[in-house]
Amino acid sequence: MTTKPKTVCIVGAGPSGLVAAKTLIHDHPKDTFHVTIFEALDRIGGLWPVSETDQGMINPDMCTNQSKHTVSFSDLAWAEEIPSFPKAWQVGQYLERYIKTYPGYEIRKNTRIVKAEQDNGRWRVQTQASPNGSSGQVQNHEFDHLIITSGFFGKPKIPDMLRDFSTPVFHSSQVRDVKSLLTDNHKTLPAPGRNIVVVGGQMSGVEIAASIALQVSSAENSPGAVDVPEEKTYKIIHVVQNPVWVMPLFFPNNPNLDTKDGTKKPNPSPNFLPVDLVTYNLGWKPPGPIENSSGHISEDAARMTHDFMNTYIGSDQSDLGTQNLAMTGEVRTQVPYLAVSDQYTEFVRSGKIKTIRGKVTGTDKTAGTLLVKDGQEQKTIEDVAAVIFATGYNAAPSLDFLPKDLLSSLQFDPQSDAFPLALNIHSTVNAALPSLGFVGFYRSPYWGVMEMQARCLGTLWSDNKQAAQALAEDETLSSMLALRSDPRRAQFPMGDYAHLMESFASILDIQRVEPKGSTGRTGLVLPSRYFSPTASALEIAEAEKARDIITSTMHDSTTKGRFVARAAFRAMQGDWKLERTITSRIASYPSGTLSGEAEFRPRAPTEMGVDMEYLYLENGEFSASNGFSFSAKRSYAHRYTSTTDTLSVWFTKADHKTVDYLFHELEFTVPLTPSTSEARPWKAKSSHLCIEDLYDVAYEFWFQGTTLREWCLEYSVRGPAKDYTIRSVYRR
């Protein structure tokens, strides 16, 4: 007798919907499940755009804040040439490739779920197609199971009190460029104000503040016409409620050295890796069962995280010129907040972003002024040009097709931004309603966990006794409900990636792939280490390919200094004190010293193939050994190219902005293994022949965590009429 396939309705064709469909079709015997995805948009991808011009909820040009090794599924490797942190549109194309690699289910685009309710053990689902933007006829369907994968991003949160504010008000997900922001998407002229206000001090707030600051900086420091008139007059005001650790995209893997007396000191020449390849490591966990380190955060746990960030970032952020980001005093016992941005902290240090602590409580509409309250202190932000709210989303619209009585049975709390529903097994299913599943329905879900949730549902719905027992014995629902009102709840209550992956692996009887020679629990937390026991030859090959790329990445970091140029380039941003000494060995060319300032001003790359670019400007007073003194200025362009992992310096033309031709390209040399008694910097060298004069240059970079404590370069110049050295030292 042939068993009829179980029918499954999936809501949404984003990453979680696609991995749920693929898992049900490919991880189980043929015809176990028949899957239909309903997607309201005219494309797949959900938040993720599938082209460079796609206007979704994420800017196509924005890069991920986790590396491609984490933003991936176990059974599809990224191409090795894709940058470590792909652009959003590249993530969308990864998902399109995922569908082509693992087909076998139906996707109905331009079709939204109108209503879904359970009746006699089956799900009655109403859908409405919207071809060409018009509303089509409502259709009725029946399914055995329903999976909601539409995530938390139901509706952007914007306070009603700014509904009639006199300047443009946007949610961070809607912002693409400064000109559109200031003109309310080209509907008005820019307001007279000059303060662009960002409200919200966590991940998206830090990201959008840095993005706007970069665009303003680029407009000011790029050649040619600009899209932002009077760009020099705009300032970014960032309203934050708590200090937040801001992590750059690349972290040192070995920030400390052991000393002879058993203490540790900063390693000035650490190896660098994508931040998640440092932080998501099973080696951080103590022996024994892997416990959840997220959820409720004790004071001791808070101190541990703060100390970790202090060490790896390289400072407590009190050196940025504002106490609003300083991680000092009693803050070190409070729940840590984390964000990721390459440029944010240096924009703060240089004054391009000004932070204000407090909460926006109201407006003076006639004056275009925001009211901010910090404890008992009332503050105002005047001269407002535009407001951006980076305050998250309301999840309720993502569930508006479910009946109220069902939501009530799931203890729905529309005010909870962490756990709006009461769910078992790490937000996957409710034991009282096991035919309804959720994938990726929690704050900032990991792709590997989405895949595990999908596997859990498939196993449970295949009448697997081990999965059924895990659901019956699960205690995560009660702990989840307790966290709703916990004042010491983690920023990401389901943020312990290692715990989640290992917990699901135990339920699903998945054996983690260990490196050769391993005798225990080691290595990075990667989706490719947790592939299905029923994986096909293709799935296994893709997982092996992904792990091989990781192995190569780790090896190149350790033995070739990969990503050091990237880390150095990022850390050079902003303002520096410059001390230069010129030592001449010929009488006709005087020696002397220069004291001044140098700026590395970020701007959009001015050439295809370049990933990051600075306009370098310096000015100072030169005092020659013959008694003469004068003011001196100089400009260069500095570039970083990810495909070759190189940092290069370029001459500029007479306008001091336009790139002219290559000066030199740095070649980093891997330092000898540092001893406990001697710390060595990263060194780089290059050479440039200028007609008959040879410029040999040597660099030294002294890191402290991700920051550059100091760096220097020295030119040795020789030619028919030249024989001198120029040593320049840069300090904050």
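So, here's what we can say about the structure.

## A word on the overall build of the protein chain
Link 1 in the chain: Along the backbone of the protein chain there are 14 helices and 36 strands.
Link 2 in the chain: Against the compact-globule benchmark of 27 Å for 732 residues, the protein chain has a radius of gyration of 28 Å, which places it among compact chains.
Link 3 in the chain: The C-alpha extent of the protein chain, read off along each of the three principal axes, is 100 × 70 × 50 Å.
Link 4 in the chain: Of the contacts formed within the protein chain by residues at least 6 apart in sequence, a portion of 66% connects residues at least 24 apart.
Link 5 in the chain: Once the 74 positive and 83 negative side-chain charges of the protein chain are each reduced to a mean point, those two points are 1 Å apart.

## Description of the sheet that holds strand S24 (residues 429-430)
Where strands meet in a sheet, backbone hydrogen bonds hold them as pairs that are either parallel or antiparallel.
Link 1 in the chain: Judged by pairing direction, the sheet is mixed, and its 6 strands sit side by side in the order S3-S2-S1-S7-S25-S24 without closing on themselves. Lying at the two open borders of the sheet, with one neighbouring strand each, are strand S3 (106-108) and S24.
Link 2 in the chain: Relative to S3, strand S2 (residues 33-38) runs parallel, the two being bridged by 3 bridges. Residue pairing for S3: Thr36 is matched across the bridge by Glu106.
Link 3 in the chain: Its contacts with the sheet put helix H1 (residues 15-26) on strand S1 (6-11), S2, S3 and strand S7 (145-148), and the angle it makes with S2 is roughly 165°.
Link 4 in the chain: Packing of helix H9 (residues 447-460) onto the sheet brings it into contact with S2, S7, S24 and strand S25 (433-438), and relative to S25 it is tilted by some 155°.

## A word on the side chain of Thr183
Link 1 in the chain: Within the secondary structure layout, Thr183 lies in the loop between helix H3 (178-182) and strand S10 (195-199).
Link 2 in the chain: Residue Thr183 is classed as buried on the basis of its relative accessible area, which comes to 8%.
Link 3 in the chain: At 2.7 Å, the side chain of Thr183 forms a polar contact with the backbone oxygen of Lys179.
Link 4 in the chain: When residues no more than four places from it in sequence are discounted, the contact partners of Thr183 are Thr188 and Pro190.

## A closer look at the pairing of strand S31 (residues 659-665)
Link 1 in the chain: As paired elements, strand S30 (residues 646-652) and S31 share 4 bridges and run antiparallel to each other. Within the sheet, the bridge partner assigned to Ser648 lies in S31 and is Glu665.
Link 2 in the chain: The antiparallel hairpin formed by S30 and S31 contains 6 residues in its connecting segment, where His656 sits at a positive phi of about 65°.

## Structural notes on the nonpolar core
Link 1 in the chain: Core analysis: the largest hydrophobic core is formed by 90 residues, its most contacted members being Leu18, Val35, Ile147, Leu402, Leu436, Phe438 and Trp447.
Link 2 in the chain: For Leu402, the residues in contact, after removing those within four places along its chain, are Ala116, Leu146, Ile148 and Leu407.

## Quick word on the packing of aromatic side chains
Link 1 in the chain: In the structure shown here, the tally under the stated rule is 40 aromatic pairs.
Link 2 in the chain: Summarising the aromatic geometry, the rings of Phe663 and Tyr695 are spaced 6.3 Å apart at their centres and angled 80° between planes, so their arrangement reads as edge-to-face. In this pair, Phe663 is assigned in strand S31 and Tyr695 in strand S34 (residues 693-704), connecting sequence segments 32 residues apart. Neither residue differs from the other here; Phe663 and Tyr695 are each classed as buried.
Link 3 in the chain: Looking at Arg639, its charged tip hangs above the ring of Trp650, at a distance of 4.7 Å from the centre.
Link 4 in the chain: Sitting above the plane of the Trp576 ring, Arg732 keeps its charged end 3.8 Å from the centroid.

## Quick notes on the packing of H1 against helix H2 (residues 88-101)
Link 1 in the chain: It is the contact of H1 with H2, at a shortest axis distance of 11 Å, that shows an interaxial angle of 15°. When the axis of H1 is compared with that of H2, the two are roughly parallel. The hand of the H1/H2 crossing is left-handed. Counting all contacts with H1, which are made through Pro15, Leu18, Val19 and Lys22, the residues of H2 involved are Leu95, Tyr98 and Ile99.

## Observations concerning the packing of H9 against helix H12 (residues 497-508)
Link 1 in the chain: Contact geometry of H9 with H12 gives a least axis separation of 10 Å together with a crossing angle of 20°. If you check the angle between H9 and H12, you find them roughly parallel. In terms of crossing hand, the pair formed by H9 and H12 is left-handed. Between H9, through Gly448, Val449, Met452, Gln453, Arg455, Cys456 and Thr459, and H12, the contact on the second element is made entirely by Tyr497, Leu500, Met501, Phe504, Ala505 and Leu508.
Link 2 in the chain: Class assignment for the residues of the contact of H9 with H12 results in 9 nonpolar, 3 polar and 1 charged.

## Quick word on the pattern of salt bridges
Link 1 in the chain: The tally for this structure, following the rule as stated, stands at 42 salt bridges.
Link 2 in the chain: With a closest N to O distance of 3.6 Å, Glu220 and Arg601 form a salt bridge. You can see Glu220 sitting in helix H4 (residues 203-221) and its partner Arg601 sitting in strand S27 (residues 592-603), a full 381 residues away along the chain.
Link 3 in the chain: The network of salt bridges with common partners includes Lys22, Asp27, Asp75, Glu451, Arg455 and Glu539.

## Remarks on the sheet that holds strand S6 (residues 138-143)
Link 1 in the chain: On the basis of which strands lie adjacent, the open sheet formed by 3 strands has the order S4-S5-S6 and antiparallel pairing. Either end of the sheet is taken by a strand with one partner, and the two such strands are strand S4 (111-119) and S6. This sheet shows a mean twist of 25° between the axes of neighbouring strands, independent of strand direction.
Link 2 in the chain: Here strand S5 (residues 122-129) runs beside S6; their pairing, made up of 6 bridges, is antiparallel. Looking at the pairing, Gln126 lines up with Asn140 of S6.

## Observations regarding the pairing of S30
Link 1 in the chain: Burial of S30 is extensive: 6 of the 7 residues sit out of reach of the surface.
Link 2 in the chain: Looking at chain direction, strand S29 (residues 629-641) and S30 are connected through 6 bridges and run antiparallel. In the sheet register, His638 faces S30, and the bridge partner there is Val649.
Link 3 in the chain: Between S29 and S30, which pair antiparallel one after the other, the connecting turn spans 4 residues, and Asp645 there sits at a positive phi close to 50°.

## Things to note about H2
Link 1 in the chain: In this model H2 runs 20 Å from its N-terminal to its C-terminal C-alpha over 14 residues, within 8% of the 20 Å that 1.5 Å per residue would give.
Link 2 in the chain: Along H2, the residues that are buried comprise Ala88, Trp89, Gln90, Val91, Gly92, Tyr94, Leu95, Tyr98 and Ile99.
Link 3 in the chain: Of the surrounding elements, those touching the buried residues of H2 are H1, S3 and H9.

## A look at the environment of Asp496
Link 1 in the chain: Within the secondary structure, Asp496 is located in the loop between helix H11 (476-484) and H12.
Link 2 in the chain: Classification of Asp496 as buried rests on a relative accessible area of 6%.
Link 3 in the chain: For the pair Asp496 and Ser294, spaced 202 residues apart in sequence, the C-alpha to C-alpha distance is 5.6 Å.
Link 4 in the chain: Beyond its immediate stretch of four places on either side in the chain, Asp496 contacts Lys285, Glu291, Asn292, Ser293 and Ser294.
Link 5 in the chain: A distance of 2.6 Å separates polar atoms of two side chains, one belonging to Asp496 and the other to Lys285.

## Describing the environment of Ala543
Link 1 in the chain: Summarising the element assignment, Ala543 is placed in helix H13 (residues 537-560).
Link 2 in the chain: Between the C-alpha atoms of Ala543 and Ala571, which are 28 residues apart in sequence, the distance is 34 Å.
Link 3 in the chain: Excluding its chain neighbours within four sequence positions, the residues that come into contact with Ala543 are Ser74, Ser528 and Phe531.

Definitions and cut-offs
Residues numbered from 1 in each chain as written. Predicted model: local features only at pLDDT ≥ 70, side-chain atom pairs only at ≥ 80, totals over all residues. Heavy atoms only, no water. Helix = DSSP H or I, 4+ residues; strand = E, 2+ residues; numbered from the N terminus. Rg over C-alpha atoms; globule rule 2.2 N^0.38 Å. Contact = heavy atoms within 4.5 Å. Lys, Arg positive; Asp, Glu negative; His and termini not counted. Charge placed at Lys NZ, Arg CZ, Asp CG, Glu CD. Pairing = 2+ DSSP bridges. Axes fitted to C-alpha atoms, helices over the stretch in contact; angles between N-to-C directions. Buried < 20%, exposed > 50% of the residue type's maximum accessible area, 1.4 Å probe, protein only. Polar contact = N/O pair within 3.5 Å; in protein donor to acceptor, adjacent residues only side chain to side chain. Core = buried A, V, L, I, M, F, W, Y, C linked by side-chain atoms within 4.5 Å. Phe/Tyr/Trp six-rings, centres within 6.5 Å; stacked < 30°, edge-to-face > 60°. Lys NZ or Arg CZ within 6 Å of the ring centre and 35° of its normal. Parallel < 35°, antiparallel > 145°, perpendicular 65-115°, else oblique. Left-handed = near helix turned anticlockwise from the far one by under 90°. Nonpolar A, V, L, I, M, F, W, Y, C, P; charged D, E, K, R; others polar. Salt bridge = Lys/Arg side-chain N within 4 Å of Asp/Glu carboxyl O. Expected span 1.5 Å × (residues − 1).

As far as function goes, none of this settles anything; it's purely spatial.
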